[in-house]
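# Results of the structural survey
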Amino acid sequence: MTVDTREDGTLDGDAQRAVRLADGRELIYFDDGPGHDRSARDRRDLPPFAPSSQLRLDPLLDEWVIVAAHRQHRTNLPAADACPLCPSAGGRRTEIPAPGYHVVTFENRYPSLGGPPAGGRCEVVCFTDEHGSSFSALPDRRLATVARAWTHRTRELSRLPGVRYVFVFENRGDEIGATLQHPHGQIYAYPFVPSRVARAAEVARRYREERGGCLPCAVVAAERAGGRVVAETGRFVAFVPEAARWPFEVHIHPLRHAASLPDLAEDEQAELMALYRDVLRRFEGLFERPAPYMAHLDQAPVGGDAGLAHLSMRVFTPRRAADKLKYLAASESGAGAFINDVLPEDAARMLRVAGSSGPGAV
């Protein structure tokens, strides 16, 4: 789908509208359907947006490090009545000018990337205007809108000069460092291919040269035949990987080979999003308290070999028990060698039970 912006800011083909915030950043409303007024202006007095991050290369590992010192001043755990991701209502002016919204994406005010010399771009994705909600509570129609937003931004950010990889992710919970509690995720458009993604592509390339075929497809087939499947639909499977790094970690894969989110048809995207929501609800059912989690999409690098990449979603929590967290200590942070405190087969069983019995199931 090619999307063109009209003079009034509306976007052809979908219920969405692009506007400019007071400092020049782009914001796009993605609505569940047409007919919503998103013409409200951002009336804040903000200085022009001028991000300035740096990229520095670690010569010993050949890995890029992003230096973004300005992020020290970003908003950190504000009270609910001061949340910058809530709609502008009741005289309060926030990042979203409209008094209500369904899904919005906008350039991060405190980005890790963007501007010279680093390049790239960082965007925020708000899933709902309800501050106390969560992704796991979104209805089917909203899931479809989020999928449309993710797909649109993946496609458009991939077209930006210098962008090499588009990374869609969500951090939820104080325990993993989320600085805002409103339901939201982010999208990073990296001007390089992150080392983990590059290594995965190299391993897949070696597998194809030595054995033929797709390594991720072979892994999916093996996992479906094993005992770590958590849930499955007609076209997707969710499982705890054999070598899970985190106490509770689930990978969601399409059964057919697809390199990126735009490669999926709309009904496939809907199925993927419903399974993702199901997995999040299982995480919530593990303990008596909500599980903090990190989730992300693995997609093909921009301009890379699509035959080597296999779209997947990964969800993991640092909570290893109701009252215990998994910390990345010296082995993980220093040596890069993960130590998992929970047997993956046990984690899969607990997640299967959590999906049917609710909080506290073991």
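Residues numbered from 1 in each chain as written. Predicted model: local features only at pLDDT ≥ 70, side-chain atom pairs only at ≥ 80, totals over all residues. Heavy atoms only, no water.

Let us look at the overall build of the protein chain. Each helix and strand in the protein chain was counted, giving 6 helices and 15 strands. Against the compact-globule benchmark of 21 Å for 362 residues, the protein chain has a radius of gyration of 20 Å, which places it among compact chains. Principal axes of the C-alpha set define a box for the protein chain whose edges measure 55 × 45 × 40 Å. Looking at the protein chain residue by residue over its 362 residues, the buried ones come to 51%. Pairs at least 24 residues apart make up 64% of the contacts formed inside the protein chain by residues separated by at least 6 positions. Carbon together with sulfur atoms contributes 50% to the accessible area of the protein chain, which is approximately 16,900 Å² in total. Here the protein chain contributes 45 positively and 48 negatively charged side chains, and the mean placements of these two sets differ by 2 Å. (Helix = DSSP H or I, 4+ residues; strand = E, 2+ residues; numbered from the N terminus. Rg over C-alpha atoms; globule rule 2.2 N^0.38 Å. Buried < 20%, exposed > 50% of the residue type's maximum accessible area, 1.4 Å probe, protein only. Contact = heavy atoms within 4.5 Å. Areas by Shrake-Rupley, 256 points an atom, 1.4 Å probe, with all protein chains shown as cover. Lys, Arg positive; Asp, Glu negative; His and termini not counted. Charge placed at Lys NZ, Arg CZ, Asp CG, Glu CD.)

Turning next to the sheet that holds strand S13 (residues 312–317). Reading across the sheet, the 11 strands line up as S1-S2-S5-S6-S8-S7-S12-S13-S11-S10-S9 and stay open at both edges, with antiparallel pairing between neighbours. Looking at which strands have only one partner, the edges of the open sheet turn out to be strand S1 (16–20) and strand S9 (229–232). Here the strands of the sheet are splayed against their neighbours by 20° on average, with no regard to which way each runs. Of the strand pairs in this sheet, S9 and strand S10 (residues 236–239) are connected by 3 bridges, and their pairing is antiparallel. Bridge assignment links Glu232 to a residue of S10, and that residue is Val237. (Pairing = 2+ DSSP bridges. Axes fitted to C-alpha atoms, helices over the stretch in contact; angles between N-to-C directions.)

Within this structure, the stated rule accounts for 27 salt bridges. Here Asp31 and Arg38 are joined by a salt bridge, their closest N and O atoms 2.7 Å apart. In this pair, the class of Asp31 matches that of Arg38, namely buried. Here the salt bridges do not stand alone but share partners, grouping Asp23, Arg25, Asp42, Arg44 and Glu95 into one network. (Salt bridge = Lys/Arg side-chain N within 4 Å of Asp/Glu carboxyl O.)

With that settled, consider the environment of Gly213. Within the secondary structure, Gly213 is located in the loop between helix H2 (195–211) and helix H3 (215–224). For Gly213, a relative accessible area of 48% puts it in the partly exposed group. Counting along the chain gives 95 residues from Gly213 to Leu308, while the straight-line C-alpha distance between them is 9.1 Å.

The terminal C-alpha atoms of helix H1 (residues 140–158), which comprises 19 residues, lie 27 Å apart, in line with the 27 Å expected from a rise of 1.5 Å per residue. Within H1, 15 of the 19 residues are buried, which leaves the element mostly enclosed by the surrounding structure. (Expected span 1.5 Å × (residues − 1).)

Where H1 contacts helix H4 (residues 266–284), the axes come no closer than 9 Å and their chain directions differ by 115°. In this view, H1 runs roughly perpendicular relative to H4, as classed from their interaxial angle. Seen from above, H1 lies across H4 with right-handed handedness. Contacts from Asp140, Leu143, Val146, Ala147, Trp150 and Thr151 of H1 reach H4 at Gln269, Met273, Ala274, Tyr276 and Arg277. Here the residues of the contact of H1 with H4 sort into 7 nonpolar, 2 polar and 2 charged. (Parallel < 35°, antiparallel > 145°, perpendicular 65-115°, else oblique. Left-handed = near helix turned anticlockwise from the far one by under 90°. Nonpolar A, V, L, I, M, F, W, Y, C, P; charged D, E, K, R; others polar.)

Attention shifts here to the pairing of strand S6 (residues 121–126). Within S6, 6 of the 6 residues are buried, which leaves it mostly tucked inside the rest of the structure. Side chains Arg121, Glu123 and Val125 of S6 all project onto a buried face; the interleaved residues Cys122, Val124 and Cys126 project onto the opposite face, where all are buried too. Alignment of strand S5 (residues 103–107) against S6, held across 4 bridges, turns out to be antiparallel. Across the sheet, the residue bridging to Val104 is Cys126, located in S6. When S6 meets strand S8 (residues 184–190), the two strands line up antiparallel, connected through 6 bridges.

In this structure, Phe135, Trp150, Phe248, Val250, Ile252 and Tyr276 are the most contacted members of the largest nonpolar core, which totals 53 residues. A per-element tally of this core places H4 first, with 7 residues. Residues in contact with Val250, not counting those within four places in the same chain, are Val230, Ala238, Phe239, Val240, Val279, Phe283, Met313, Arg314, Val315 and Leu351. Within the second largest apolar cluster, 15 residues are counted, among which are Cys83, Ala98, Val104 and Val124. (Core = buried A, V, L, I, M, F, W, Y, C linked by side-chain atoms within 4.5 Å.)

Here the focus is the packing of aromatic side chains. All chains considered together, the criterion is met by 14 aromatic pairs. Arranged with centres 6.3 Å apart and planes meeting at 45°, the rings of Phe167 and Tyr190 form a pair that is tilted. Placement of Phe167 in strand S7 (residues 165–172) and of Tyr190 in strand S8 is noted, with a sequence separation of 23 residues between them. Taking relative accessible area as the criterion, Phe167 reaches 17% and is therefore assigned buried. Relative accessible area serves as the criterion here: at 12%, Tyr190 is assigned to the buried category. What links up through ring pairs into an aromatic cluster is the set Trp64, Tyr165, Phe167, Phe169, Tyr188, Tyr190 and Phe192. (Phe/Tyr/Trp six-rings, centres within 6.5 Å; stacked < 30°, edge-to-face > 60°.)

This next bit is on the side chain of Asn108. Relative to the helices and strands, Asn108 is located in the loop between S5 and S6. Residues in contact with Asn108, not counting those within four places in the same chain, are Arg25, Phe49, Arg71, Cys122, Glu123, Val124 and Gln186.

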